[in-house]
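Chain by chain, the residues:
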Amino acid sequence: MAKIQAIKGFADLFADESRLFTFLEQSARTVFFRYGFTELRTPLMEYTDLFCRSIGTETDVVQKEMYTFNDSKGRSMSLRPEATAGVMRAYVENNVGAKESVSKFFTAGPMFRHERPQKGRMRQFHQINCECIGPKEPEADAEMISMLMYFLNYIGIKNITLQLNSLGCPNCRPAYREKLQNWLKSLDTSVLCEDCRRRMETNPLRVLDCKNPSCKEATKDAPLMLDHTCDECAGHFQTVKNCLDSQNIHYEINHRLVRGLDYYTRTAFEVVSDNIGAQGSIAGGGRYDGLVESIGGSSVPGIGFACGMERLALLLQAPEAPKADFYIAVLDDACREYGFKAAQMLRHGELCGTMGFESRSIKSAMRQADKSGAKYAVLIGSSELEQHNLMIKNMENGTQEAVPFDRAVSFIKEGK
Ligand code: HAM
């Protein structure tokens, strides 16, 4: 029969990668809990409208990349392409803002985007995501960015660049948008890619972060948002920079950093690595002061970011696999039930290990024990069964001893 394969861009994560992902999630909990975050797990699927209203109908994510389908009642649903929208929905739906003035949520899990798979770009990928809802002050932006950099350092990520920009606010961005749009229209637009010719009309700021070389070249003298921010946005951005400077957190101003999701206002940032190929953005985020309102909540500001776990994994080694304490081998079919009891007793004594169910010769049993990497081989033959013993062999120094069944846990724990 033909084999069934995994869906393209969806991966199986076996032990090494899983261990790395667990390390990332546990490290995130350690670091983010220090900053007062709590964990929020939201559904993997939401009504499509949530993503249209938050991420924006003109974005690539909503236009081309969502896994969208109708349920049996004809309602449009989408697998989440990111975590922020769902977190905001949960915040509004559960009236969290009425109970606390600042909410800090940490989320980790799979996201889905129908992009062209390549190194560091999957259709099912995983994010570690943080949202801080409530504060409008620039120190909150600096705290989020500092926390992200602390986390990346904590897990051992090196040689990265923090890029920073301000995207203005509803007071200053419309005038800049119009100026940029007019400037773009004055170009010979045939040098722009098809996407940018469309974006020029719908979302002109996105033309600035197109990766296409001819678009980049054509727009190198485009007017810049940072030259057109209102006084409030300029002051906000200056304080963010001052706070980062005070922490010796280095950053580059990237005037072309626009981000692919439409909810951002003011601070936008990305962390980029040169060591993982074309998909170098390992984390990205920013402020979103109008987002909660756009999905039916009150006017509450916020800021957040997400890290791509697959991309972090490309930069890290999996932690070493923990060594098993024991491997139990039975030398005779009649010993299997006794072996089963012994394995259970050792595990209830907080030891880790496996039992080989098939009875084997001593030689074959030792080969299996060796292959398992366990610290101790526990051999059970008819004499162990009769005398209610276990033959325990230290795989490092080769010594072996018949140990009474009830003494086996302490014998192994004492490292004999
Ligand atoms: P984003 O920049 O779209 O932002 O994604 C954040 C990170 O997710 C990226 O920097 C990248 O590491 C990873 N990522 C994105 N797409 C893929 C993919 N197809 N394969 C592998 N990794 C990927 C957001 O999602 C925002 N929700 C972040 C945010 C939170 N902003 C405010 N709060």
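Quick caveat: nothing in here was measured; it's all calculated off a predicted structure. (Residues numbered from 1 in each chain as written. Predicted model: local features only at pLDDT ≥ 70, side-chain atom pairs only at ≥ 80, totals over all residues. Heavy atoms only, no water.)

(A) Region of the structure containing the overall build of the protein chain. Across its full length, the protein chain carries 17 helices and 16 strands. Relative to the 2.2 N^0.38 estimate, which gives 22 Å for 416 residues, the radius of gyration of the protein chain is 28 Å and therefore markedly larger than a compact globule would have. In terms of overall dimensions, the protein chain has C-alpha extents of about 90 × 55 × 45 Å along its principal axes. Expressed as a percentage of its 416 residues, the buried residues of the protein chain come to 49%. A separation of at least 24 residues holds for 71% of the contacts in the protein chain among residues at least 6 apart in sequence. Surface summary for the protein chain: the accessible area is close to 20600 Å², and the carbon and sulfur share equals 49%. Within the protein chain, one finds 51 positive and 53 negative side-chain charges whose respective centroids are separated by 3 Å. (Helix = DSSP H or I, 4+ residues; strand = E, 2+ residues; numbered from the N terminus. Rg over C-alpha atoms; globule rule 2.2 N^0.38 Å. Buried < 20%, exposed > 50% of the residue type's maximum accessible area, 1.4 Å probe, protein only. Contact = heavy atoms within 4.5 Å. Areas by Shrake-Rupley, 256 points an atom, 1.4 Å probe, with all protein chains shown as cover. Lys, Arg positive; Asp, Glu negative; His and termini not counted. Charge placed at Lys NZ, Arg CZ, Asp CG, Glu CD.)

(B) Quick look at the pairing of strand 10 (residues 281-287). Of all the seven residues making up strand 10, six are buried; the element is thus mostly covered by neighbouring parts of the structure. Pairing geometry for strand 9 (residues 265-273) and strand 10, over six bridges, is antiparallel. Counted as the bridge partner of Thr265 is Arg287 from strand 10. Both strand 10 and strand 11 (residues 302-308) contribute to a ladder of five bridges, which runs antiparallel. Bridging from a neighbouring strand, Gly284 pairs with Ala306 of strand 11. (Pairing = 2+ DSSP bridges.)

(C) Main features of the site of the ligand. The environment of the ligand is made up of 26 residues, and the closest members are Glu82, Thr84, Glu115, Tyr264 and Ser281. Between Tyr263 and the ligand, the recorded distance is 2.9 Å, taken from a side-chain N or O atom to a nitrogen atom. Between a nitrogen atom of the ligand and a main-chain N or O atom of Phe305, the distance comes to 3.3 Å. Contact with the protein chains removes 95% of the 660 Å² of surface that the ligand exposes when unbound. Counting residues per element, the ones that place at least two in the shell around the ligand are strand 6 (124-133), strand 10 and strand 11. At five residues, the largest contribution of residues to the shell around the ligand is made by strand 10. Among the residues forming the shell around the ligand, the class breakdown is 10 nonpolar, nine polar and seven charged. (Near = heavy atom within 4 Å. Polar contact = N/O pair within 3.5 Å; in protein donor to acceptor, adjacent residues only side chain to side chain. Nonpolar A, V, L, I, M, F, W, Y, C, P; charged D, E, K, R; others polar.)

(D) Just the pattern of salt bridges, in detail. Overall, the coordinates contain 25 salt bridges when judged by the stated rule. Residues Arg206 and Asp209 are paired through a salt bridge, measuring 2.9 Å at the closest nitrogen-oxygen approach. Here Arg206 matches Asp209 in class, with each residue buried. (Salt bridge = Lys/Arg side-chain N within 4 Å of Asp/Glu carboxyl O.)

(E) Region of interest: the nonpolar core. Membership of the largest hydrophobic core comes to 44 residues, with the highest contact counts inside it found for Met88 and Ile133. Breaking this core down by element, the ones donating at least two residues are helix 2 (48-55), helix 3 (60-65), helix 4 (84-93), helix 7 (173-185), helix 8 (194-202), helix 9 (205-208) and helix 12 (291-294). Of all the elements, helix 4 adds the most residues to this core, at five residues. Those residues in contact with Ile133 that sit more than four places away from it in its chain are Val87, Met88, Tyr91, Ser101, Val102, Ser103, Phe105, Tyr288, Val292, Val300, Pro301 and Gly302. (Core = buried A, V, L, I, M, F, W, Y, C linked by side-chain atoms within 4.5 Å.)

(F) Structural view of the packing of helix 6 (residues 138-154) against helix 11 (residues 231-246). Two elements in contact, helix 6 and helix 11, have axes whose closest approach is 8 Å; the angle formed by their N-to-C orientations is 40°. Classified by the interaxial angle, the pair formed by helix 6 and helix 11 is oblique. For the crossing formed where helix 6 meets helix 11, the hand is right-handed. Between helix 6, through Pro138, Glu139, Asp141, Ala142, Ile145 and Ser146, and helix 11, the contact on the second element is made entirely by His236, Thr239, Val240, Cys243 and Leu244. (Axes fitted to C-alpha atoms, helices over the stretch in contact; angles between N-to-C directions. Parallel < 35°, antiparallel > 145°, perpendicular 65-115°, else oblique. Left-handed = near helix turned anticlockwise from the far one by under 90°.)

(G) Structural context of the pairing of strand 12 (residues 326-330). Counting buried positions along strand 12 yields five of five residues, so the element is predominantly enclosed. In strand 12, alternate side chains face the same way, and those of Phe326, Ile328 and Val330 on one face and Tyr327 and Ala329 on the other are all buried. Bridge analysis of strand 12 against strand 13 (residues 353-356) gives four bridges, and the strand direction is parallel. The residue bridging Ala329 from the neighbouring strand is Gly356, located in strand 13. In terms of handedness, the path from strand 12 via helix 14 (residues 336-348) over to strand 13 forms a crossover that is right-handed. (Right-handed = clockwise from strand over helix to strand, strands pointing away.)

(H) Region of the structure containing unusual backbone geometry. Residues other than glycine seldom take positive phi values, yet Asn95 does so here, at roughly 55°. With relative accessibility at 48%, the residue Asn95 sits in the partly exposed group. With phi around 55°, Asn159 is a residue other than glycine that occupies positive phi space.

(I) View of the side chain of Ser273. Note that Ser273 resides in strand 9. Judged by its relative accessible area of 2%, Ser273 is buried. Apart from the residues lying within four places of it in its own chain, the contact partners of Ser273 are Asn159, Ile160, Gly280, Ile282 and Leu315.

(J) Representation of the packing of helix 7 against helix 8 within the structure. Here helix 7 crosses helix 8 at 140°, and the two axes come no closer than 9 Å. In terms of their interaxial angle, helix 7 and helix 8 are classed as oblique. As for how helix 7 packs across helix 8, the hand of that crossing is left-handed. Contacts from Arg177, Gln181, Leu184 and Lys185 of helix 7 reach helix 8 at Met200, Glu201 and Thr202. Grouping the constituent residues of the contact of helix 7 with helix 8 by class yields two nonpolar, two polar and three charged.

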